[in-house]
Each structure stands twice: as C-alpha cells, then as structure tokens.
Amino acid sequence: MTTDGGNKLNNPKVSVLLLAYNQRLYIAQALLSVLSVDYDNVELIISDDASQDGTAEIIDSIVAQYKGNKSVIVNKNSVNMGIGGHINKLLKIASGDLIVFAAGDDVTYKHRVARIVEEWVIDGCKADAICSSADVIDPQGKTIGVLKSGKIGSNMSSELKYFFGGFLGCTEAVTKRMVDVFNDFSNEVIGGNSVISEDRIFAFRAYVTGGILCIPDRLVAYRVSPSSVSNNMNLLGSQTYEERKRYRLVELSRLADVLEQCLADIHHLYSSNRIDGKKYLEYMTHIENRKKNLKYQMQSFGEGLMSRMSAFYRLVKFHEMGVRSAVKLLLAIIAPRYFMVRFY
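Below you will find a few notes about this structure. Numbering of residues starts from 1 in each chain and follows the order in which that chain's sequence is written. Reporting of local features is limited, given that this is a predicted model, to residues whose pLDDT is at least 70; pairs of side-chain atoms are given and counted only at 80 or more, and all residues count toward the totals for whole chains, interfaces and linings. As a rule here, side-chain values cover all heavy atoms of the structure and leave hydrogens and water aside.

## A closer look at unusual backbone geometry
Alright, step 1. Located in the positive-phi region is N22, a residue other than glycine, with phi close to 50°.
Alright, step 2. Assignment of secondary structure puts N22 in the loop between β3 (14-20) and α1 (27-35).
Alright, step 3. Relative accessibility thresholds used throughout: buried, under 20% of the residue-type maximum; exposed, over 50%; partly exposed, between the two (1.4 Å probe, protein chains only). Take N22: its relative accessible area is 32%, and that puts it in the partly exposed class.
Alright, step 4. The backbone of A50 sits at a positive phi, close to 60°, despite the residue not being glycine.
Alright, step 5. For the purposes of this entry, the term helix denotes a DSSP run of H or I that reaches at least four residues, the term strand denotes a run of E that reaches at least two, and both are numbered from the N terminus. Along the polypeptide, A50 turns up in the loop between β4 (42-48) and α2 (55-65).
Alright, step 6. On the accessibility criterion, A50 (10% relative accessible area) is buried.

See below:
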C-alpha cells in the first residue's frame, strides 16, 4: 500500500478484473470502458473463460491496439472453469489493495475506480467490500432503470434474511486483505448453482471482517438480457408462471449453497482464531435459522396444497414475517398460477 506520512492510505493500487464468457456482442464496449478508467495506480486483468463465440479474439484485438500506460494482463482459460473457479484463479493473480469486478457485458463508468478509492479512503479504509448504485440497460444499451445500493445494517439475522440485498454484486469491489483471509470458494459452490452468487459470499465475508461500504453514485451500467449470467426476471419482465417458478426455485437453491459456503467460512474463521467461541455460535445460529427458512420457502413452491400450507405455517410461526408478506405468500400458495406472477 502507498501511504501518506507513513500511516494513511493515499493512493492504493487497484486491480480491475474483467470476466468474460461468450459475450461477443458486448465485450468490446465493456473492455473499452475498463481501459478508460481515470485512475492511474491500476492493473487491468482481462480474462476469458474459454469462450466459444470469438470473445477472446476481440479481447486480443483491442488490447493489441491499446496505447495507454495502464498495466494490462490478459488471461485466457484453456477450459471453462465456471464463475467460481474463474474468480478463484483471478484473485490469485490480482495484486491490488482493492479488487474491482467488471462483467463482460456491463459498462464501467470512467470515474468508477476513483470514486471507490475516494469513498474508501474517507471511510478510513475500514470496509472490506464496497458497492455502488447502477444504471440498468437493455441488450441495445438503452437505460431502462436504476438499481440503488442500500445501507447494510448491524443485525446479522436481518441481513441474512435478505441476503445483503443492499449490496449490488454488479458493482462489487473487495479488499485483497479480505481475500487473503479466506479459502477459495468450495468445490460445492463452484460445481453448484450458486456460482453466480459470489457477491453474496463476498458480502457475508466482509460483514464478519471489516464491514461493507455502499456508495449511492451510479458507477456501472448493468446490462440485463435473456443470456445474462445473473439476469433478473423482474427486470426482464417475464410473465409466465412456469418461468417464475423455475427462476425462484433455482434462486432459492443457489442461496442455500451460498449458506453452505458461509458455514465453511465461519468454521475457517473460528479454527484460525479470528473469531471467539461466542461469535462463532452467534453466526452459526443465524446461518442455520436461515437454512431452515430457505427449506420452508422451497417447500412452499411444491405441488401439493397441504405441503405448501405446512411450509406457510412454519414460515409464519418460526420466522419474522410481516402481515403484508404473509398475506402475499398465502395467496401465492393457494393460487400459485395467478398470484406468483404478481408477487415473485
């Protein structure tokens, strides 16, 4: 780290990781936006995960023509590693104090890195994860909405309930020091559906280490399309019951896998003496309760009405649920084909 007066972080090195896979239509815009960031102490790591559509060739062509003074590293995986394995690999390459993530179909605004550094330094460099708000664009690049980052509270149970909903993964940045504390994403996460929820894992890790900083500025243009790795059904406007149900069940399964990674992380912190027994039990209790909640939510999407009603009873009795949420869930359980499209 670069310091001012020997103690204050002044000009941290930043690693920007651009991850691409089969994004031929958008990679040029994504890459050019990263090459244009207005922060000098930066390394740009451009990585293709064995694309089959010419994405890697576009990356090679643009980088070959780059005349700037930023350090550019190009990585091309010989076999597809998936998002979890891809990130594990790139985190070992990154050498910055801060690591900023960018997707191969999104746009990084020119001032993004400088604003992240500015806010992190103002905050005393305490946070281990940083996010911002984002514009939402369609496949053609037209702005169709805004995603706002939210304040992360101090209540672990509440944050796990919404899986750190205020932390926008499409805008995420983390510290190298936090990365060095934890092990790689587990084989279960890499091999399962939750590979596209690394943002939830990073948010949890930061929550139990240095904390999370949310910047209100829109620093990314987040593209939504049917082929997006983490496309949001609500943003895309899908209206069929079958699509909604399938999306929701995959999402719940993915979040269950994330909780398994969180359990592994807490075990690691405790075994390495980074948290005491009291904190260990507190975190474990919150995670186990959230696992039960997810189990009942998945059951509420089952085929039999009695099974769904049983899940509803458990969700209302054993977990915090407001009246409005309870009524919406009950209606979706009784008449899922009609109400699920409207509520989930």
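## Quick look at the state of the cysteines
Alright, step 1. Note that a disulfide, as used here, is simply two cysteine sulfur atoms within 2.5 Å. All chains considered together, the criterion is met by zero disulfides.
Alright, step 2. With no disulfide of its own, C170 lies 8.8 Å from the sulfur of C131, the closest cysteine sulfur.

## Some details on the pattern of salt bridges
Alright, step 1. Within this document, salt bridges are pairs made up of a side-chain nitrogen of Lys or Arg and a carboxyl oxygen of Asp or Glu, the two lying within 4 Å of each other. If you walk through the whole model with that rule in mind, you get 13 salt bridges.
Alright, step 2. Taking the shortest distance from any N to any O, the salt bridge between D128 and R177 comes out at 2.7 Å. Taken as a pair, D128 in the loop between α4 (112-122) and β8 (129-137) and R177 in helix α6 (residues 176-181) lie far apart in primary sequence, 49 residues in all.
Alright, step 3. What makes R177 partly exposed here is its relative accessible area of 34%.

## Looking at the pairing of β3
Alright, step 1. In terms of burial, β3 is a largely internal element, seven of the seven residues being buried.
Alright, step 2. With burial as the criterion, each face of β3 is covered, one bearing V14, V16, L18 and A20 and the other bearing S15, L17 and L19.
Alright, step 3. Here a strand pair is declared whenever DSSP counts at least two bridges between the two strands. Across six bridges, the pairing between β3 and strand β6 (residues 98-103) is parallel. Bridging from a neighbouring strand, L19 pairs with A103 of β6.

## A short note on the packing of α1 against α2
Alright, step 1. For helices, the axis comes from a line fit to the C-alpha atoms of the stretch in contact; other axes are also lines fit to C-alpha atoms, and the angle between any two N-to-C directions lies between 0 and 180 degrees. Contact geometry of α1 with α2 gives a least axis separation of 10 Å together with a crossing angle of 35°. The interaxial crossing formed by α1 with α2 has right-handed handedness. Between α1 and α2, the contacting residues are I27, A28, L31, L32 and L35 on the first element and T55, I58, I59, I62 and V63 on the second.
Alright, step 2. Considered class by class, the residues forming the contact of α1 with α2 number nine nonpolar, one polar and no charged. Handedness of a helix crossing follows the sense of rotation of the near helix relative to the far helix, less than a right angle counterclockwise being left-handed and clockwise being right-handed. Any two residues whose heavy atoms approach within 4.5 Å at even a single point are treated as in contact. Amino acids outside the nonpolar list (Ala, Val, Leu, Ile, Met, Phe, Trp, Tyr, Cys, Pro) and the charged list (Asp, Glu, Lys, Arg) are all regarded as polar, and Gly is one of them.

Purely spatial values, then, with no claim about function.
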